[in-house]
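Single-letter residue listing:
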Amino acid sequence: METKYFLIATLLILSVGCEEFTPGTVDVDAGRAAILAADQAWSETGGDLEAFISFFAEDARFLPPDGPQANGRDEIRQSFSALAALPGFSLSWSANFSDVSSSGDLGYSVGTFEMTVDGPDGRPATRTGTYTTVWKKQNDGQWKVVSDIPNFDSPAAQATVAQDSTEEQQESLYDRLGGLAPISVVVSDFIAVVVPDPFLNENPAVDASRTRVPAPYLTYQVTALVCQATGGPCQYGGRGMLESHAELYITEEEWDRMVVLFRGVLAKHSVPEKEAQELLDIIDSTKADIVVAASGE
Ligand code: HEM
């Protein structure tokens, strides 16, 4: 009997000891800090999809606000690579709260995020939201995401245009430039300085085409192109940039010279800096099709 009571007493002491011991080993504050640190490291993976995915546990769940649930890393990778492929995609977030269970191996972070993709008008549109991410400590001590639940603050239709939010700035470049009349004047002046430019005409193919292709034709076509590209009502009907410049073997230096001439015309007409830059961006978007010859050729 004595032995029996001794055993019971020993078990009681041990079990009470265990209860006191377990919570004492879990440093909840350290757990919270570790989750915040993991969340921040996760947010710093930038555009590296694989690094981003590596923060998910193998059997994690992703519950997007406007898409099907993704179960497991492979489905999550698919879900995010589709998102990352959207034009102008970027995602950033920051946690503002975390907590951890008394067992010390389960916790969550809460924060806000910002996602940007190009809108239908080609301009970046940003949506904001909040998220809850559930973290589980793995056998190796690393915290991994087991469930990620983002929510948008507002429906997609209310996405705000990131760079310009005022009504005036949302006008098309065509309207901000004043429409077809001022555009045609700028283009006409541009063609007038480009066509006789001695540096450009040192290129024999360019020089030869000057006698073949009338300057007013170029003025007409480039005006229609700029009108259309800036959001105006024109329909460009000429040849594509690749086809029309393929035989000219235009070099980087010739391209740079053309940009200098274009900037000069923009300055002459006091085109505001923002609109001038947007026009230069449009010109620049054609460069890969126009510059085909390596420098010095
Ligand atoms: C260094 C730069 C450039 C040079 C030297 C150049 C020169 C020329 C020449 C010689 C032609 C006549 C080609 C032919 O039919 O034989 C041409 C056509 C044309 N270029 Fe350029 N170009 C340059 C850049 C650009 C840029 C940046 C644009 C517009 C963004 C542009 C728009 C056009 C258009 C619309 C045509 C007429 C296409 C057609 O035949 O339908 N060019 N260019």
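Residues numbered from 1 in each chain as written. Predicted model: local features only at pLDDT ≥ 70, side-chain atom pairs only at ≥ 80, totals over all residues.

Looking only at helices and strands, the chain features 13 helices and 7 strands. Split into buried and exposed, the 297 residues of the chain put 18% on the buried side. For the chain, long-range pairs separated by at least 24 residues make up 62% of all intrachain contacts whose partners lie at least 6 apart in sequence. (Helix = DSSP H or I, 4+ residues; strand = E, 2+ residues; numbered from the N terminus. Buried ≥ 20, exposed ≤ 12 C-beta atoms within 10 Å, placed from the backbone. Contact = placed C-beta atoms within 7 Å.)

Attention shifts here to the site of the ligand. In the vicinity of the ligand lie 21 residues, with Ser-209, Gly-238, Arg-239, Ser-244 and Met-258 positioned nearest. Of all the secondary-structure elements, those providing two or more residues to the shell around the ligand are α8 (204–212), α9 (215–229), α10 (241–245) and α11 (252–268). Of the residues forming the shell around the ligand, the biggest block, 4 residues, is contributed by α9. Counted by class, the shell around the ligand contains 12 nonpolar, 6 polar and 3 charged residues. (Near = placed C-beta within 6 Å. Nonpolar A, V, L, I, M, F, W, Y, C, P; charged D, E, K, R; others polar.)

Turning our eyes to something else, we now look at the nonpolar core. Core analysis: the biggest nonpolar cluster contains 23 residues, and Ile-183, Val-186, Val-187, Phe-190, Ile-191 and Leu-266 have the highest contact counts within it. Elements with a contribution of two residues or more to this core: α6 (180–194), α9 and α11. Broken down by element, this core gets its largest block of residues, 6 residues, from α6. With residues near it in sequence (within four places) discarded, Ile-183 still touches Leu-177, Thr-223, Val-226 and Cys-227. Counting 17 residues, the second-largest nonpolar core is a separate cluster that includes Ala-34, Leu-36, Ala-38 and Phe-55. (Core = buried A, V, L, I, M, F, W, Y, C linked by C-beta atoms within 7 Å.)

Summarising the sheet, strand β1 (residues 56–62) and strand β6 (residues 143–152) pair through 3 bridges and their orientation is parallel. Within β6, the residue paired with Phe-62 across the bridge is Asp-148. (Pairing = 2+ DSSP bridges.)

Turning our eyes to something else, we now look at the confidence of the model for the chain. As a general rule, the predicted coordinates of low-pLDDT regions are not to be interpreted in detail. Overall, the prediction assigns the chain a mean pLDDT of 86, with 85% of residues at 70 or greater. At the low end of the mean pLDDT range in the chain sits helix α1 (residues 2–25), at 44; at the high end sits α6, at 97. Predicted confidence for residues 1–23 stays below pLDDT 50, and this span has 1 contact to residues more than four positions away or in other chains. (pLDDT = per-residue confidence, 0-100.)

Between α6 and α11, the least distance of the axes is 9 Å, while the angle of their chain directions is 140 degrees. In terms of orientation, α6 and α11 fall into the oblique class. Note that α6 runs across α11; the crossing there is right-handed. Residue-level contacts link Val-186, Asp-189, Phe-190, Val-193 and Val-194 of α6 to Met-258, Leu-261, Phe-262, Val-265, Leu-266 and Lys-268 of α11. (Axes fitted to C-alpha atoms, helices over the stretch in contact; angles between N-to-C directions. Parallel < 35°, antiparallel > 145°, perpendicular 65-115°, else oblique. Left-handed = near helix turned anticlockwise from the far one by under 90°.)

Right, let's get into the pairing of strand β4 (residues 106–118). As paired elements, strand β3 (residues 90–100) and β4 share 10 bridges and run antiparallel to each other. If you follow Ser-98 over to β4, its bridge partner there is Ser-109. Hairpin connection of β3 to β4: 5 residues between the antiparallel strands, including Gly-104 at a positive phi of 85 degrees.

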